[in-house]
Amino acid sequence: MLAHPPRTPAESLRNRAFRGAAIQVLCIVIALLLWQLDDHKPLGPSLLYSLAIGNSCWLFIDLGMHGLARLLNPAGAAGGHWPGWPGMVIIVAVGSVAGYTVGSSLVDHFTGFTSPSLFATRSTGIVTLLAAVGATYFFYSRERMHQQQTAAEAAHALALENQLKLLQSQLEPHMLFNTLANLRVLIGIDPERAQAMLDRLIAFLRATLNASRTSSHPLAAEFARLADYLALMEVRMGPRLRVAFELPAELRDCMVPPLLLQPLVENAIKHGLEPKVEGGRIEVSAQRHGDDLRLAVRDTGVGLARVASPEATTDQGTHYGTAHVRARLEASFGSRARFELQAAGDAEGGTLALIVLPCPAANAPTA
Amino acid sequence: MNPTALIAEDEPLLAQGLQADLKRLWPELQITGLAGDGHGAVEQALALKPAICFFDIRMPGLSGLEAAQALAEDWPEGSAFPLLVFVTAYDQYALQAFDAQAVDYLVKPVEPARLGACIERLKKRLAAATASAAPQGMDRTLEQLRSLLGGALQGTPAAPRLEVIQASAGNLVHMVPVDEVLYFEAADKYVRVVTAEREHLIRLSLRELLPQLDAQKFWQVHRSLVVRANAISTALRDDSGKVFLTLRGRPERLTASRLYAHLFKGM
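Before going into details, it helps to say that this report is about the structure given with it.

Procedures and definitions
- Residues numbered from 1 in each chain as written.
- Chains lettered and ligands numbered in written order.
- Predicted model: local features only at pLDDT ≥ 70, side-chain atom pairs only at ≥ 80, totals over all residues.
- Heavy atoms only, no water.
- Helix = DSSP H or I, 4+ residues; strand = E, 2+ residues; numbered from the N terminus.
- Buried < 20%, exposed > 50% of the residue type's maximum accessible area, 1.4 Å probe, protein only.
- Contact = heavy atoms within 4.5 Å.
- Areas by Shrake-Rupley, 256 points an atom, 1.4 Å probe, with all protein chains shown as cover.
- Pairing = 2+ DSSP bridges.
- Axes fitted to C-alpha atoms, helices over the stretch in contact; angles between N-to-C directions.
- Buried area = accessible area lost by both parts, 1.4 Å probe.
- Salt bridge = Lys/Arg side-chain N within 4 Å of Asp/Glu carboxyl O.
- Polar contact = N/O pair within 3.5 Å; in protein donor to acceptor, adjacent residues only side chain to side chain.
- Nonpolar A, V, L, I, M, F, W, Y, C, P; charged D, E, K, R; others polar.
- Phe/Tyr/Trp six-rings, centres within 6.5 Å; stacked < 30°, edge-to-face > 60°.
- Parallel < 35°, antiparallel > 145°, perpendicular 65-115°, else oblique.
- Left-handed = near helix turned anticlockwise from the far one by under 90°.
- Expected span 1.5 Å × (residues − 1).
- Disulfide = S-S within 2.5 Å.

Assigned secondary structure in chain A consists of 10 helices and 7 strands. Taken over 367 residues, chain A has a buried fraction of 39%. When contacts within chain A are restricted to residue pairs at least 6 apart in sequence, those whose partners lie at least 24 apart make up 72%. In the structure as shown, chain A presents an accessible area of about 19800 Å², 64% of it carried by carbon and sulfur atoms.

Put into structure tokens, the structure is as follows:
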């Protein structure tokens, strides 16, 4: 029912010990209450009966629950130890009757008292049943809370890890230090251009650090961030890099996850154009096809054969980049978005990375 | 005579910056060549024979390390091998492999003080070389290149072993068991796959193929040549340090470069 990481044996034992202690406290409280209500009886036997009945109820209900859960779900593990409410109602009812009968007969046997049968004293029976239902519900809620908490913790850890990976991939040291080295030279020979380059770097860094805080931004902002990054690369690569953007005005406000295209542009540079002696062109474009938004990053670099080679995957650049894009599309759009990486189909060669995602928001006005 | 240097750097501003810093800190040094890619760096170095080479590690064409390897293999006998200085933004394996003795390295952005220390080291090495005219400089350089290239190779994770080479010729695909291959030779963007009977061309670079081969069975003996060890019949070393190999089942002689000559020693 709830997906949750299994408990460790130590946790399991601690959980059981807690339940045991809680049962004993419950039994003592019930004994004290009954003793309070009926002051003819001595406290000792009341305590004895209460403890015996409570513990046998626990035994029967616990065994019944585990048995039924295993019966319904022979594979174990995944479903945990919870057989579902309908089964549980029967188990609590039967377990209470059996627990009362066995518990009271045991005390009868060892002390020589005779306790009335369950059906003769309705009040004791009702108290037993109420206590069993209460305890079961209490343990159930506690377990559920524990599972939700661990699931939330796991999701949080995963999100943090993803954020860190994204940051690491975008603040790649090779890119950062080469950019700074270029900046250092520019400051000496062309301070104005150096300032412009620094502004681009600042915008790029700010966008990268902020990307994890918002879930979407307009396509125009996405293109502006790519322009910052590519402007830095243009300074570095000089005439080896040419850049073209195509963003139709009506698509500027389409919302997309921030920096979705960034890893694809980085891959186009790193695995497509940087290894190519004469360099080449990179084109980033957006188009509408019906309700679909098609985002394309195309380069005229060395092509996919190299990208798929073991050499290119050494630093996990390609794999991480494309896996990251896939994961983000999946998280934002489920199966309604898709991602393809293919050889560009014309004479110039190179690679085409294509994202297709639903964008009905900017459709023809509804009114 | 003033010392000469070659700068190989694919980012134009960085090449310009290094050149300016060198001019300021070492006015006597003449920058005789600038190259923007690995192949250009090798060609220019062979043509200009500079005393010092500044090689960027990440360049298109050949990496700085590959360019140094090509240079060591093709460097003519009798002239002094250049002092190599590698320049890198962030390549950890390269830094770890250096023990910063004969060859130096610089990290980008290059600080003037660090460049000054590098210049002092280079001046000392140049003075020592002219005083003794000792040829052991080459041996030391070879040794270092070997360890650098070894470090670079260890950085690549072991790819799944290739059992069969699929070589297509028109519509026909030849399935060539790897164990029947005598040697692989790089030829432009292809690799020649040579067996006892015939040869095939595959569209793959030697660099891409290498991690998929068993390094115990297939030995790299030159930057463009990988030979199956048990197909080698004899190895003959000449005075320049090159080794000529004869094969079982093929008439041609292959040449192992001096970078790999250490593989062929009597037991």
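Once that is clear, we can look at the sheet that holds strand 13 (residues 232-237) of chain B. Residue and element names in this part refer to chain B. Ordered in space as 13-14-15, the 3 strands form an open sheet in which the pairing is antiparallel. In the strand order of this sheet, the two ends are held by strand 13 and strand 15 (250-256), each with one partner. Mean inter-strand twist for the sheet, computed between neighbouring axes without regard to direction, equals 20°.

Every contact between the two is made by 26 residues of chain B and, on the other side, 28 residues of chain A. When chain B packs against chain A, close to 2300 Å² is buried across both sides, 62% of that on carbon and sulfur atoms. At the surface where chain B touches chain A, the tally comes to 5 salt bridges. Across the salt bridge formed by R240 of chain A and D10 of chain B, the nearest N and O atoms sit 3.7 Å from each other. Remark: the boundary between chain B and chain A carries 5 residue pairs in polar contact (both at pLDDT 80 or more). A total of 6 residues in the side of chain B that touches chain A trace back to one element, the largest contributor, which is helix 1 (residues 12-25) of chain B. Its residues assigned to classes, the side of chain B that touches chain A shows 11 nonpolar, 6 polar and 9 charged.

Our focus in this paragraph is the packing of aromatic side chains. Residues and elements named next belong to chain A. Using the criterion set out here, one finds 9 aromatic pairs over all chains in the structure. The interplanar angle of 50° and the centroid separation of 5.6 Å between the aromatic rings of F138 and F139 together place this pair among those described as tilted. A relative accessible area of 44% places F138 in the partly exposed class. Their ring planes at 55° and their centres at 5.9 Å tell us that F223 and F245 sit as a pair that is tilted.

As a further point, take the packing of helix 2 (residues 38-48) of chain B against helix 3 (residues 64-74) of chain B. Residues and elements named next belong to chain B. Orientation of helix 2 relative to helix 3, taken along the N-to-C sense of each, is 30°, at an axis distance of 9 Å. The angle between helix 2 and helix 3 places the two elements in the roughly parallel class. Pair helix 2 / helix 3 crosses with right-handed handedness. Across the interface between the two elements, G38, V42, A45 and L46 of helix 2 pack against A67, A70, L71 and D74 of helix 3. Counted by class, the contact of helix 2 with helix 3 contains 6 nonpolar, 1 polar and 1 charged residues.

All right, on to helix 2 (residues 43-72) of chain A then. Here helix 2 of chain A is 30 residues long and its end C-alpha atoms lie 43 Å apart, about the 44 Å a rise of 1.5 Å per residue gives. For helix 2 of chain A, every residue scored as buried is listed here: S46, Y49, S50, I53, G54, S56, C57, I61, D62, M65 and A69 of chain A.

All right, on to the state of the cysteines then. Residue and element names in this part refer to chain A. Per the stated rule, a full pass over the model turns up 1 disulfide over all chains. Disulfide pairing places C254 opposite C359 at an S-S distance of 2.3 Å. Between C254 and C359 the disulfide shows an S-S torsion of about -110°. By sign, it is left-handed. Of this pair, C254 sits in the loop between strand 2 (241-246) and strand 3 (255-256) while C359 sits in the segment after strand 7 (351-358), placing them 105 residues apart in sequence. The thiol of C27 is unpaired, and the distance to the nearest cysteine sulfur, on C57, comes to 8.1 Å. On the basis of relative accessible area, C27 is assigned to the buried category, the value being 3%.

This brings us to the pairing of strand 10 (residues 199-202) of chain B. Residues and elements named next belong to chain B. Residue alternation in strand 10 divides its side chains into a buried set, H200 and I202, and an unburied set, E199 and L201. Examined bridge by bridge, strand 9 (residues 190-195) and strand 10 share 4 bridges and lie antiparallel to one another. Following the sheet pairing, V193 is matched in strand 10 by H200. Hairpin remark: strand 9 followed by strand 10, antiparallel, with 3 residues in the connecting loop.

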